[in-house]
Amino acid sequence: MSSTPRITPCLWFDTQAEDAANFYTGIFKNSRITNIGRYGEAGKEQHGRPPGSVMIVVFELDSQSFT
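All residue numbers refer to positions counted from 1 along the written sequence of the respective chain. The predicted nature of this model means local features are confined to residues of pLDDT at least 70 and side-chain atom pairs, given and counted, to a pLDDT of 80 or more, with totals for whole chains, interfaces and linings taken over all residues. Excluded from the side-chain calculations are hydrogens and water; all other atoms, namely the structure's heavy atoms, are used.

1. Let's talk about the packing of aromatic side chains
Part 1: Think of it this way: a Phe, Tyr or Trp ring, Trp meaning its six-membered ring, pairs with another when their centres are within 6.5 Å, and the plane angle makes it stacked under 30 degrees, edge-to-face over 60, tilted otherwise. A complete count under the given rule lists 3 aromatic pairs for this structure.
Part 2: Ring centres of Phe59 and Phe66 lie 5.4 Å apart, and the angle between their planes is 10°; on these two criteria the pair is classed as stacked. Phe66 shares its class with Phe59; the two are buried.
Part 3: Put simply, the rings of Phe23, Tyr24, Phe59 and Phe66 touch in pairs and so form one group of aromatic residues. Relative accessible area decides the class of each residue, using a 1.4 Å probe on protein chains only: under 20% of the type maximum gives buried, over 50% gives exposed, and in between gives partly exposed.

Spelled out as structure tokens, the structure:
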């Protein structure tokens, strides 16, 4: 097999991941948000985030994936 492994960079935004992904996909061509995971009601005592708030955003900038 000759496929080259790809690295997926992980950017950390404590509470503004969705805003950051929208910003980056808005300025780079051929970009899109591919997934947004949100916190649910379960486990809120542990994670301390309100249900519905963003946990993770996966997006692509010109075919390069970011988390």
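There is more to say after this.
2. Thoughts on a nonpolar patch on the surface
Part 1: Nonpolar side chains collect at one region of the surface, where Phe23, Ile27 and Phe28 lie side by side and expose about 320 Å² of accessible area between them.
Part 2: For Phe28, a relative accessible area of 42% puts it in the partly exposed group. Patch rule: a residue counts if its relative accessible area is over 30% and it has no salt bridge; like charges are joined within 9 Å, and nonpolar side chains (Val, Leu, Ile, Met, Phe, Trp, Tyr) within 5 Å. To measure how exposed things are, a 1.4 Å probe is used in the Shrake-Rupley method; for residues, cover is taken only from the protein chains shown. Within this document, salt bridges are pairs made up of a side-chain nitrogen of Lys or Arg and a carboxyl oxygen of Asp or Glu, the two lying within 4 Å of each other.

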